[in-house]
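Notes for the structure review
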Amino acid sequence: MSTVSNGSVSLYYRREGEGDGEPVVFVSEAGLGGWSWGWQHAALTGPYETVVWDLRGTGRSDAPPGPYSMATLVADLETILAAVDARNAHLVGAGLGGAVALAAARESTRVATLSVLGAAARGSAFDLEPLLAAPDDRAALWDSLEAGLSADFRESQPDVLDGIVDWRAEGDAAPAGWEAQLAALEGFDAGDWLVEVTLPARVLHGTEDALVPVEAGRELAAGLPRGEFVPLEDAGHLVGIERSRTVNDRLLGFLEERSSSDR
């Protein structure tokens, strides 16, 4: 567990594993702590070095007054990449984190591949507020999961939901933090420059995502020169949780394909 500073803002990150090659760096959804990558972290740590960090405004990172810009969040990610000496990294981002990873893939020389979950090329496609709730309001945290997970998953996995509420209460952003983060999506529009993101990219998206329409994910993949769209049938927004085994297999397969092509 470590911290690094971007200017006066301290950013918390955790680096684990000793896999060969480029690390996998996760970029979280607005308001959600590093717990949200627990399923992917368990699968990828070992084959790869992994890095999980808290966006400014979340968890153990500083929460300066907002609003935050997309450029600021991309600069924070670049600071994390430099801190772990990642000359090349595999970025995996969810929701807002997917947009941050997408913008970083355009601007940074440190990105090898891009994987995004439940994201879009335009800020207007995101409707994330229903997912967010104050960490000290357990009832609201529970209710907000209705926006992020399918009814089938919620009904069949009540113990998982209990655990998620516990993790959210401990590590999610307070309202001021996630409101500042969501401001980064205002005016965000990658439509004119997606063609510049020429690295291998995979877009995974639940077909029942109520917060970012599946059509927006499909459009994002189509606009990326090396983009591939992976629909996850009947899944909601938090596909890394709801379809963790499939997402993990897809991520590992994608990264192995990249490693094989470099040999």
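For the structure given in this document, a descriptive report is provided here. Note that the structure is predicted; figures quoted are calculated from it, not measured.

Attention now moves to the overall build of the protein chain. Across its full length, the protein chain carries ten helices and eight strands. Radius of gyration (C-alpha) of the protein chain: 17 Å, near the 18 Å computed for a compact globule of 263 residues. Projected onto its principal axes, the C-alpha positions of the protein chain cover 50 × 45 × 40 Å. When burial is assessed residue by residue, the protein chain has 57% of its 263 residues classed as buried. Counted over contacts in the protein chain with a minimum sequence separation of 6, partners at least 24 positions apart contribute 74%. Accessible surface, the protein chain: about 10,800 Å² in total, of which carbon and sulfur atoms supply 44%. The positive charge centre, built from 19 side chains, and the negative charge centre, built from 42, are 7 Å apart in the protein chain.

Our focus in this paragraph is unusual backbone geometry. With an omega of 0 degrees, the peptide bond running from G66 to P67 counts as cis. Here P67 shows up in the loop between β4 (50-53) and α2 (70-83). With phi around 55 degrees, D85 is a residue other than glycine that occupies positive phi space. Inspection of the secondary structure puts D85 in the loop between α2 and β5 (89-94).

Counting across every chain of the model gives twelve salt bridges. R14 is the partner of E16 in a salt bridge, and the nearest nitrogen-oxygen pair spans 2.6 Å. Its relative accessible area of 29% is what places E16 among the partly exposed residues. A residue is classified by how much of its surface remains accessible, and R14, at 27% relative accessible area, is partly exposed. Between R202 and E228 there is a salt bridge; the shortest N-O distance is 2.7 Å. Residue R202 is located in strand β7 (residues 201-206), and its partner E228 is located in strand β8 (residues 227-232); the two are separated by 26 residues in the primary sequence. Overall, the relative accessible area of 5% leaves R202 in the buried class. Overall, the relative accessible area of 33% leaves E228 in the partly exposed class.

Taken together, the eight strands give an open sheet; going across it, the order is β1-β2-β4-β3-β5-β6-β7-β8, and neighbouring strands pair in mixed fashion. The open sheet terminates on both sides in strands that have one partner only, identified here as β1 (2-6) and β8. Within the sheet, the average angular offset between the axes of one strand and its neighbour, ignoring direction, is 25 degrees. Note that strand β3 (residues 24-27) and β4 share two bridges and pair parallel. For V24, the partnering residue across the bridge sits in β4 and is T50. In the packing of α2 onto the sheet, contacts are made with β1, β2 (9-16), β3, β4 and β5, and the angle to β1 comes to roughly 130 degrees.

So, about the nonpolar core. Note that soluble globular proteins tend to have their nonpolar side chains buried in a common cluster. Within the largest apolar cluster, 75 residues are counted, with the highest numbers of intra-cluster contacts made by M70, L77, L91, L96, L102, L114 and L128. Element by element, the count of residues in this core is highest for helix α3 (residues 96-107), at eight residues. Setting aside residues no more than four positions away along its own chain, L114 makes contact with L91, A101, L102, A105, V197, L199, P200, A201, R202 and F254. In this structure, L44, L204, V247 and L251 belong to the second largest nonpolar core, which totals 18 residues.

What counts, and at which threshold
- Residues numbered from 1 in each chain as written.
- Predicted model: local features only at pLDDT ≥ 70, side-chain atom pairs only at ≥ 80, totals over all residues.
- Heavy atoms only, no water.
- Helix = DSSP H or I, 4+ residues; strand = E, 2+ residues; numbered from the N terminus.
- Rg over C-alpha atoms; globule rule 2.2 N^0.38 Å.
- Buried < 20%, exposed > 50% of the residue type's maximum accessible area, 1.4 Å probe, protein only.
- Contact = heavy atoms within 4.5 Å.
- Areas by Shrake-Rupley, 256 points an atom, 1.4 Å probe, with all protein chains shown as cover.
- Lys, Arg positive; Asp, Glu negative; His and termini not counted.
- Charge placed at Lys NZ, Arg CZ, Asp CG, Glu CD.
- Salt bridge = Lys/Arg side-chain N within 4 Å of Asp/Glu carboxyl O.
- Pairing = 2+ DSSP bridges.
- Axes fitted to C-alpha atoms, helices over the stretch in contact; angles between N-to-C directions.
- Core = buried A, V, L, I, M, F, W, Y, C linked by side-chain atoms within 4.5 Å.

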